[in-house]
Amino acid sequence: MAPAGVLALLLFLGAAPCRAGSICGTVRDGVTLQPVPNAAVFLFDNLDQYTGLYAGTDVDGRYCIDNIPAGTYTIQVRVDNYLSAVVGGIVVEEDATGVDVTTRAPLFLDQPWPNPATNEVTFRLDAPDGVETRLEVYDVRGRLVMGWQGDGPASTRTIRWDLRDASGAPVASGIYLIRLRAGGNEIVRRFVRLR
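Conventions we followed
- Residues numbered from 1 in each chain as written.
- Predicted model: local features only at pLDDT ≥ 70, side-chain atom pairs only at ≥ 80, totals over all residues.
- Heavy atoms only, no water.
- Buried < 20%, exposed > 50% of the residue type's maximum accessible area, 1.4 Å probe, protein only.
- Helix = DSSP H or I, 4+ residues; strand = E, 2+ residues; numbered from the N terminus.
- Pairing = 2+ DSSP bridges.
- Phe/Tyr/Trp six-rings, centres within 6.5 Å; stacked < 30°, edge-to-face > 60°.
- Salt bridge = Lys/Arg side-chain N within 4 Å of Asp/Glu carboxyl O.
- Lys, Arg positive; Asp, Glu negative; His and termini not counted.
- Contact = heavy atoms within 4.5 Å.
- Disulfide = S-S within 2.5 Å.

### Comments concerning the pairing of strand β11 (residues 133-139)
Right, so step 1: Within β11, 6 of the 7 residues are buried, leaving the element largely enclosed by the surrounding structure.
Right, so step 2: Alignment of β11 against strand β12 (residues 144-150), held across 6 bridges, turns out to be antiparallel. Within β12, the residue paired with T133 across the bridge is G150.
Right, so step 3: Linking β11 to β12, which pair antiparallel, is a turn of 4 residues; within it G142 sits at a positive phi near 85°.

Below you can see the structure in the form of structure tokens.
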């Protein structure tokens, strides 16, 4: 009788080979159609569970995820850690599956400066083109102190705030939260107001 280790090896050698494929493509900006470098592409199974497989785009926006077991998948593309595209229903078999992706412009809110602030604070943000964008300042109790809204072209915008509320009164010393919302995404930062 063969030892257990030899029997296991024989069973392994006689097993049907595991089929694996690849998903490869290019990530492009949805407005300019330019390639998006340094985007992260994550692979999820048909139950929306992360598979642990991912790739990053090169300088030409190209990516390739290899050694994917046969099945149906979804990819999520993240730019600067923000979700910018989702493509589902991707069927992978034994060869390469081509999936090109167009992304939305990522949402970005820089750290408020200066922080702490005494007379004025500056917010720098990027938001998607043509999407309603709201930048709001809240106190630590969750009360809206000041807000700005827009839906212009995608660009870096700078907002300087004189630390006065909507009625024109100076805001009190303390911690404030800045929330940027656009296209279903949200970023929150905080800063301290000193008097």
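### Some remarks on the packing of aromatic side chains
Right, so step 1: Enumeration over the complete set of coordinates arrives at 8 aromatic pairs.
Right, so step 2: Both rings, one in F44 and one in Y50, keep their centres 5.5 Å apart while their planes meet at 50°; by these two values the pair is tilted.
Right, so step 3: The exposure class of F44 is buried, given its relative accessible area of 14%.
Right, so step 4: Aromatic pair W148 and W161: ring centres 6.2 Å apart, planes at 85°, arrangement edge-to-face.

### Some remarks on unusual backbone geometry
Right, so step 1: Cis rather than trans, the peptide bond between W113 and P114 has omega equal to -10°.
Right, so step 2: As for its placement among the helices and strands, P114 is situated in the loop between β9 (108-109) and β10 (121-126).
Right, so step 3: With an omega of 5°, the peptide bond running from N115 to P116 counts as cis.
Right, so step 4: Note that P116 resides in the loop between β9 and β10.
Right, so step 5: Within the chain, D48 stands out as a residue other than glycine whose phi angle is a positive 60°.
Right, so step 6: Tracing the backbone through its elements, the reader meets D48 in the loop between β2 (40-44) and β3 (50-56).

### With respect to the pattern of salt bridges
Side-chain pairs of opposite charge can arise whenever the charged atoms involved come near each other.
Right, so step 1: Enumeration according to the criterion identifies 7 salt bridges in this entry.
Right, so step 2: A salt bridge links D58 to R62; its shortest N-O distance comes to 3.4 Å.
Right, so step 3: Residue R62 is classed as partly exposed on the basis of its relative accessible area, which comes to 46%.
Right, so step 4: The closest approach of N and O atoms between E136 and R179, which form a salt bridge, is 2.9 Å. With E136 in strand β11 and R179 in strand β14 (residues 174-182), this residue pair connects regions lying 43 residues apart in the sequence.
Right, so step 5: Taken together, the shared-partner salt bridges in this structure form one network comprising R134, E136, R179 and R181.

### Structural notes on the side chain of D29
Right, so step 1: Checked against the element boundaries, D29 lands in strand β1 (residues 20-29).
Right, so step 2: Notably, D29 is buried but unbridged: the nearest opposite-charge side chain belongs to R28, and the N-O separation is 9.9 Å.
Right, so step 3: The contacts of D29, once residues within four sequence positions are left out, are Q34, V36 and T103.

### Points about the state of the cysteines
Right, so step 1: Tallied over the full model, the rule gives 1 disulfide.
Right, so step 2: Paired through a disulfide, C24 and C64 show a sulfur-sulfur distance of 1.8 Å. Here C24, found in strand β1, pairs with C64, found in strand β4 (residues 62-69); they are 40 residues apart in sequence, far enough to count as distant.

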